[in-house]
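Each chain, written out:
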Amino acid sequence: MRKNFGLFTLLTLIAVLPATAENGINSPYTRYGFGQLSTRALGANMAMGGAGIALQNANQINLLNPASYGAVDTLTFIMDLGTSLQNTNFSENGTKKNARNASLDFMACQFRLRKGLGMSLAFMPYSNVGYNYSNSEKVTFADNALYDDDEAVTVTNKYTGEGGLHSAIAGLGWTPFKWLSVGANWSYIYGNFDHYIYNKYSESTINTRTKQYTTELSGVNFDLGGQLTFSRGKHKVTLGATYSHGTTFDDDAYIVDYVVNSSTSTISSDTTRSGPFALPRSMGAGVAYNFDGRLTITADVSLSQYSEVNFWGEPGTDRQHASLGVEYIPEPLTRNPFRRMRYRAGIYASTSYYTVGGTKGPDELGASIGIGIPVINRWNNRSTVNISGQFIHLEPNAPGMIAENCMRLNISVSFIENWFTKWRVN
């Protein structure tokens, strides 16, 4: 009965999550590229700076490397659900503003198919787009006899955008030997986003101009992963690597330019087709050291070759990412929940993958700290509530660009149940 209830819950969440998830973002930098890229890091990884290419744990889902799926325990079913709250502070030329957002971030599950073969399914965002801001300035018409120099007209430029891409993931991980694991993920990526630029003048006789950037994308991407593990006594070292070839989306993007008069009648419109969007090739490597099942230190580096793709005719730029994380468990096997808590911390740094007016976008720096609280009762002693706090800073690469500081609270619950077991009656 418990198995059937768990299956019903899983299928219900798969059906409901795509319809209810909010993108939880409010950043002017989501005007560029695909918007703000999401990570495949789940609750435990987030608290460790997003690192995980070399991590392998029988009781945790690690989407950062599909090779890790093969470590899932016999008869084990894992389901991970995550949500976040964030407060972002924007500052530009001495002006500051706050924005608060919340989002339902991911749902993932993992189970064993046979000895050494595990499977994971997940639904999560690939990128998010969300912003709404404006600026105003005075313009003069010295060469136009209808307006005197002292009768400057105010033009208001408004920028809005919404949407994003979603990712449905299915992956297999195989551990043919204790020291070797390999895996692959299949990802269906789909979604749409729209950007609008409005130019409106205080003088009603001047026509309003609206520019819309719109696209609807869908495509399939594959990524591969491998892990090598070396053990000696209480010491274990794991090396991990991932590779994705990238893909070109089937759909085109369009730029529509409208000119509207004061009676809201469209005077003219012009539609331009932009080249297809694409996901770049990417590769990553990681190393993890574990001592006695208590202390884990891990580090990742990755490169995504966005310089090979274009966004609305503008080239991207290669994105480099590095992260470092640590986890400590005082006593992994005790039933004392305080001694079994997982204490985590991490840092990371990323370069931008897009340009802003020909200048490379802001670099991203982050730090995180968190705990994994075990759930211990008569029926279950492996489920975990993961709570972490993140500080994220976007550092502009040119004067006049907006700086962002974000405080983010991540909460996820990892349910671990024994499936496919037979009930025995005495």
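Caption draft 1: Structural detail: the layout of surface pockets. Counted as a void, the second largest pocket has a volume near 770 Å³. If you trace the second largest pocket, you find 39 residues lining it, with Asn57, Gln60, Glu327, Ile329 and Arg342 closest to the centre. Taken together, the elements giving at least two residues each to the lining of the second largest pocket come down to helix 2 (43-46), strand 8 (235-244), strand 13 (282-291), strand 18 (342-350), strand 21 (363-374), strand 22 (384-395) and strand 23 (403-418).

Caption draft 2: The arrangement of the packing of aromatic side chains in detail. Applying the stated criterion to the full structure yields 19 aromatic pairs. Look at tyrosine 188 and tyrosine 190: their rings are 5.4 Å apart centre to centre, the planes differ by 20°, and that puts the pair in the stacked class. A ring pair is formed by tyrosine 353 and tyrosine 354, whose centres lie 5.1 Å apart and whose planes are at 85°; its orientation type is edge-to-face. For tyrosine 354, a relative accessible area of 8% translates into the label buried.

Caption draft 3: Just empty space enclosed by the protein, in detail. Applying the stated criterion across every chain, the model contains one cavity of 30 Å³ or more. Taken together, Gly43, Met46, Gly82, Thr83, Asp105, Phe106, Asn386, Ile387, Ser388, Asn410, Ile411 and Ser412 make up the lining of the largest cavity. Of all the elements in the fold, those that place two or more residues in the lining of the largest cavity are helix 2, strand 2 (76-92), strand 3 (95-114), strand 22 and strand 23. Counted by class, the lining of the largest cavity contains four nonpolar, seven polar and one charged residues.

Caption draft 4: Representation of the confidence of the model for the chain within the structure. In the predicted model, the chain carries a mean pLDDT of 86, and the fraction of residues at 70 or more is 87%. Across residues 1-22, where pLDDT falls below 50, the model places 29 contacts with residues more than four positions away in sequence or in other chains.

How each quantity is defined
Residues numbered from 1 in each chain as written. Predicted model: local features only at pLDDT ≥ 70, side-chain atom pairs only at ≥ 80, totals over all residues. Heavy atoms only, no water. 1 Å grid on protein atoms, 1.4 Å probe; cavity = no way out; pocket = protein on both sides within 12 Å on 5 of 7 lines; lining within 4 Å. Points joined across faces, edges and corners; volume = space filled by probe spheres on them. Helix = DSSP H or I, 4+ residues; strand = E, 2+ residues; numbered from the N terminus. Phe/Tyr/Trp six-rings, centres within 6.5 Å; stacked < 30°, edge-to-face > 60°. Buried < 20%, exposed > 50% of the residue type's maximum accessible area, 1.4 Å probe, protein only. Nonpolar A, V, L, I, M, F, W, Y, C, P; charged D, E, K, R; others polar. pLDDT = per-residue confidence, 0-100. Contact = heavy atoms within 4.5 Å.

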